[in-house]
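Below, each chain spelled out in residue letters.
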Amino acid sequence: MAMLDAIIVDLERAAEEPEVRVIVLAASAPGFCAGHDLKEMTSHRSDADGGRAFYASLFARCSEMMQMIVNHPRIIIAEVNGIATAAGCQLVAACDMAVAGAGASFGVNGINSGLFCSSPMVALSRNIGRKKAMELLTTGAMINAHEAMVAGLVNKIVHDNDLVDETMKLAAKVAARSQAVLALGKRAFYQQVEKPLDE
């Protein structure tokens, strides 16, 4: 929950600062994001309501952040090192673009714990083919960076040691473009992609 809150605050601030031209989401740890903190979640099972209020709040906050990424006026790039699983994979899928280190791996493996990753399913199924999305969701299998690129989850794979530099090169290309045009184009892209062709 603390990470969701921090990202939301930073995204809100970045939307108001004209000098912010592109956003890169990156991890300071060896892995990009493993999703929700299961220890945090299970600690609320002892709440009077069995954790229902906390879970509702957590998933609402997560949904708010994911939608904020899509609706944000800046282009947001995921810089993926290590693993991106469950809501972490959803985070990659929610971003406008993604650069992955060669050692990155991706999955929506809630099924392995008796859960279906229904929230990550939304962003995932809007970014990759239905059959591959269903395979990942129902088997809990992990895919490597190459498979993720073939599936359409990432734009580019680079050597792990070059990940930061290559992501910054992509970010610099985006940052050099008109911010007004990018904001308009991003909004139009996400609006049109869900509409029937005649609209």
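Residues numbered from 1 in each chain as written. Predicted model: local features only at pLDDT ≥ 70, side-chain atom pairs only at ≥ 80, totals over all residues. Heavy atoms only, no water.

### Considerations on the pattern of salt bridges
Side chains that differ in charge, positive against negative, can pair when their charged atoms come close. Worth spelling out the cut-off: Whenever a carboxyl oxygen of Asp or Glu lies within 4 Å of a side-chain nitrogen of Lys or Arg, that contact is scored as a salt bridge. Numbering goes from the N terminus for both helices and strands, where a helix is a DSSP run of H or I of at least four residues and a strand is a run of E of at least two. Here's how the labels work: a residue is buried when its accessible area is under 20% of the maximum for its type, exposed when over 50%, partly exposed in between, all with a 1.4 Å probe on protein chains only.
Overall, the coordinates contain eight salt bridges when judged by the stated rule. A salt bridge links R61 to D5, with the nearest nitrogen and oxygen atoms 2.6 Å apart. Placement of the pair is R61 in helix α3 (residues 52-71) and D5 in helix α1 (residues 2-16), with a sequence separation of 56 residues. Given a relative accessible area of 28%, D5 falls into the partly exposed group.

### Here's the deal with the packing of aromatic side chains
What counts, and what does not: Paired rings are identified among Phe, Tyr and Trp, the last through its six-membered ring, by centres lying within 6.5 Å, and are further divided according to the angle between planes into stacked (under 30 degrees), edge-to-face (over 60) and tilted (the rest).
Overall, the coordinates contain two aromatic pairs when judged by the stated rule. Ring geometry for F54 against Y55: centres 6.2 Å apart, planes inclined by 65°, an arrangement best described as edge-to-face. Relative accessible area serves as the criterion here: at 13%, F54 is assigned to the buried category. The class for Y55 is buried, based on a relative accessible area of 16%.

### Looking at the sheet that holds strand β4 (residues 97-101)
The line we're drawing: By the convention used here, strands pair only if DSSP detects at least 2 bridges between them. Only the stretch in contact is used when a helix axis is fitted, and all axes are lines through C-alpha atoms; the angle between N-to-C directions ranges over 0 to 180 degrees.
Taken together, four strands build an open sheet; the order of strands is β1-β2-β4-β7 and the sheet is parallel. Edge positions in the open sheet fall to β1 (22-26) and β7 (156-158), since each of these has one partner strand only. Neighbour-to-neighbour, the strand axes of the sheet open up by a mean angle of 20°, direction not taken into account. Judged from the three bridges that link them, β4 and β7 form a sheet pairing that is parallel. Bridge pairing links V99 to K156 in β7.

### A short note on unusual backbone geometry
We note that A86 has phi near 50°; this positive angle belongs to a residue other than glycine. Mapped onto the secondary structure, A86 falls in the loop between β3 (83-85) and α4 (87-94). Under the relative-accessibility criterion, A86 is labelled buried at 16%.

### Quick look at the pairing of β4
The side chains of a regular strand alternate, first on one face of the sheet and then on the other. For β4, a buried count of five out of five residues is recorded, marking the element as mostly surrounded by other parts of the structure. Burial along β4 is two-sided: M97, V99 and G101 and A98 and A100, pointing in opposite directions, are all buried.

### Remarks on a nonpolar patch on the surface
Under the convention used in this document: The residues that make up patches have over 30% relative accessible area and no salt bridge, and they are joined within 9 Å when like-charged or within 5 Å when they are Val, Leu, Ile, Met, Phe, Trp or Tyr. Using a 1.4 Å probe, accessible areas were evaluated by the Shrake-Rupley method; residue-level cover was limited to the displayed protein chains.
Taken together, the side chains of I111, F116 and M134 define a hydrophobic patch exposed on the protein surface, amounting to about 260 Å² of accessible area. Note on placement: F116 falls in the loop between β5 (105-107) and α5 (118-125). Residue classification places F116 among the partly exposed positions, given a relative accessible area of 39%.

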